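Secondary and tertiary structure notes
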Amino acid sequence: MVIGAGIAGMTSALLLAERGIQVTLLERDAQLGGRLAAWPRTVADGSRQMVEHGFHGFFRQYYNLHNVLRRIDPELSFLRPAGPYPVVSRNWPEESFSGLPRRPPANLLALVARSPSLKLRELRGVDGKAAVPLLSYSRAETYRRFDHISAKDFLDTLGMPARARAHLFDVFAHSFFNHQEEMSAAEMIMQFHFYFLRNPEGLDFDAPIQDYETAIWAPLADQLQALGGEIRTQAPVDRIDPGWTVVLRGGAELTADYVVLAADPRSAREIVAASPGLTALAPRLAEQMATVRTAAPYAVSRIWTAQDCAPQRSVFTSVAGEATLDSVTLYHRIERAAGQWARRGGGSVIELHAYAAPDGVDAAELTKRMWAELGSLWPETTGMTIIDVDERVGDDAPAFAPGSDATRPGVHSDANGVYLAGDWVRVPFPAGLMERAAGSAILAVNAIIGHHGVRAAPLLSVAPRGLLAPRSGRP
Ligand SMILES: Cc1cc2nc3c(=O)[nH]c(=O)nc-3n(C[C@H](O)[C@H](O)[C@H](O)COP(=O)(O)OP(=O)(O)OC[C@H]3O[C@@H](n4cnc5c(N)ncnc54)[C@H](O)[C@@H]3O)c2cc1C
């Protein structure tokens, strides 16, 4: 039984089914995909468009996720380079982190040499010694030394020039849906290692040319069903009883030898808290799950306009230094159907994200603030006619608070036969977001098939250690 049909749940179900295990995938919502889902919407002009839960960058070092997606498209032909992605702000000129050399340390040197915010002159103030941990990532040592301090406090010790900090690190920390004051420095160092310093693919990413339901979820569902897997949507799980019995809302009971709990962090915590039989058997799991937290709310606003943005604007742009707006995506320049819609009337399909929004502000107000902030960065948007808006606030992103690694649950639990998977689960290799969801699922699958002597599914990782990490000792 796999609970939750996001990337972690679908990866678990598919890999188990491929290995001959009878699997049922249970999803609360009407559609598959979780935070990567897409669904239809009738736009105010009467046309039917797919909307995503939010634009996603498929980074090229997502080896495990790519391996899952190759099952439905061996060439990954539904992905296209998203092109250069600049960081823009009101105060400083635009800069871009794409197209850098791919191997460390050339990538870091090129970043310093090329980025106007990292001019050597300005870097004189940077505490080189304090920056060494960025280049010295190792799972055990980095988390031992830096998990208890916040990313903000760590960044303060570096003494970075304001512009470099805003453009490079503030944007970076926000992309993980956590305010830097509330994010573990170890987690930020790990992400910097994974996304930038220690992968040969660089910071460039790809994006689907079709909506995620068409490109990803429908083909993955077909593949799972062809292997004999069962998918049930609108099947919310309430609790797990010993044995194992998965109890759905309404009372239906489904029995299983193994359970993979691959719900989002809040839902997973609630399911465990509502399962007294499970927590009696697995006190450590109960204790750890009680510490799982979600991060600040995030906002996604898709806006259909009657005019297009300036031709030089990129598919994806990061925003530094605004109170609300963190990124802008021009869907009509990457996704086919959005492009066709925009070409018909000369308009655009713009998506605005706030990755760590203030608490208690509704979606309409956040759209208003983000749109106003965009206007001060891209003047052509101020006079645009808005045809329709699809807006939402989400609160299911995992928090990585200082000190949380010590109690963060891993894939294995003290409940024999119950495994966890998702982008919030503790994993022994560097990975973030979608790749962490896929990688944790592969660990769960390998734990299950390990009971049956079946060969493990391959699990890939970028180099696990930083360039300057000591070669001996713990990984
Ligand atoms: C706006 C936005 C932009 C993002 N951009 C990027 C990006 O550019 N790159 C990147 O790598 N990542 C990005 N992410 C993060 C990425 O979406 C997640 O890391 C990833 O999708 C997590 O997958 P998951 O399977 O762990 O969890 P989820 O996708 O949350 O899946 C969990 C599933 O469990 C289901 N569920 C919950 N409760 C129950 C229950 N009781 N019973 C049954 N089912 C249940 C949920 O409905 C959901 O389908 C972004 C996220 C958002 C929100």
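Residues numbered from 1 in each chain as written. Predicted model: local features only at pLDDT ≥ 70, side-chain atom pairs only at ≥ 80, totals over all residues. Heavy atoms only, no water.

1. Here we look at the sheet that holds strand β1 (residues 2-3)
What counts is decided by this rule: When DSSP finds two or more bridges between a pair of strands, those strands are recorded as paired. Runs of E in the DSSP output that reach at least two residues are strands. Runs of H or I that reach at least four are helices, and both are numbered from the N terminus.
In space, the 5 strands of this open sheet follow the order β10-β2-β1-β14-β20, with parallel pairing throughout. At either end of the open sheet lies a strand with only one pairing partner, and these are β10 (230-232) and β20 (418-420). By the bridge criterion, 3 bridges tie strand β14 (residues 259-261) to β20 in an arrangement that is parallel. If you follow Val-260 over to β20, its bridge partner there is Tyr-419.

2. Description of the pairing of strand β11 (residues 237-241)
Every regular strand shows the same layout, with side chains that alternate between the two sheet faces. Inspection of the sheet shows β11 paired to strand β12 (residues 245-248) by 4 bridges, in the antiparallel sense. In the strand pairing of β12, Arg-239 is matched with Val-247. Between β11 and β12, which pair antiparallel in sequence order, lie 3 residues; one of them, Gly-243, sits at a positive phi of approximately 140 degrees.

3. Observations concerning the domain arrangement of the protein
Operational definition: Delimitation of the domains relies on an automatic or database domain assignment. It only takes one pair of heavy atoms within 4.5 Å for two residues to be counted as in contact. Take the accessible area each of two parts loses on contact, using a 1.4 Å probe, and add the two losses: that sum is the buried area. Salt bridges are identified by distance alone: a Lys or Arg side-chain nitrogen within 4 Å of an Asp or Glu carboxyl oxygen. Polarity classes work like this: nonpolar for Ala, Val, Leu, Ile, Met, Phe, Trp, Tyr, Cys and Pro, charged for Asp, Glu, Lys and Arg, and polar for all others, with Gly in that last group.
For the protein, the assigned domains read domain 1 (2-28 + 235-294 + 402-450) and domain 2 (99-197). On the domain 2 side, the residues contacting the 14 residues of domain 1 number 19 residues. In total, about 1,100 Å² of surface goes out of reach between domain 1 and domain 2, with carbon and sulfur atoms giving 57% of it. When the buried area of domain 1 at its contact with domain 2 is split by residue, Pro-402, Pro-430 and Leu-433 rank highest and sum to 47% of it. Across the contact surface, domain 1 and domain 2 share 2 salt bridges. Note that Asp-405 and Arg-139 form a salt bridge whose closest N and O atoms lie 2.9 Å from each other. Here the residues of the side of domain 1 that touches domain 2 sort into 7 nonpolar, 3 polar and 4 charged.

4. Some details on the pattern of salt bridges
Rules: Relative accessibility thresholds used throughout: buried, under 20% of the residue-type maximum; exposed, over 50%; partly exposed, between the two (1.4 Å probe, protein chains only).
For the coordinates displayed, the defined rule picks out 25 salt bridges. A salt bridge links Glu-141 to Arg-144, with the nearest nitrogen and oxygen atoms 2.5 Å apart. Linking Glu-141 with Arg-144, this pair stays in helix α6 (residues 139-146), spanning 3 residues, or about one helical turn. For Glu-141, a relative accessible area of 29% corresponds to the partly exposed category. Since its relative accessible area comes to 52%, Arg-144 is described here as exposed. The salt bridge partner of Asp-156 is Arg-165, with a shortest N-O separation of 2.7 Å. A single salt-bridge network, built from bridges that share partners, covers Arg-41, Asp-388, Asp-390 and Arg-392.

5. Considerations on the site of the ligand
Let me state the cut-off plainly: Distances are taken per atom, and a residue is near a molecule or strand as soon as one of its heavy atoms is within 4 Å of it. Throughout this description, a polar contact denotes any pair of N or O atoms lying within 3.5 Å of each other; where both atoms belong to protein, one of them has to be capable of donating a hydrogen while the other can accept it, and for residues adjacent in sequence the pair is counted only when both atoms sit in side chains. For accessible areas, the Shrake-Rupley method is used with a probe of radius 1.4 Å. Any residue's cover is judged against the shown protein chains and nothing else.
Taken together, 36 residues lie near the ligand, and Glu-27, His-56, Gly-57, Tyr-62 and Asp-423 sit nearest. Arg-28 has a polar side-chain atom sitting 3.0 Å from an oxygen atom of the ligand. Taking Gly-34, its main chain carries an N or O atom lying 3.3 Å from an oxygen atom of the ligand. A total of 1,000 Å² of accessible area belongs to the ligand in isolation, and the protein chains cover 97% of it. Listing elements by their share of the shell around the ligand, those giving two or more residues are α1 (7-18), α11 (265-273), β15 (298-305) and α16 (433-450).

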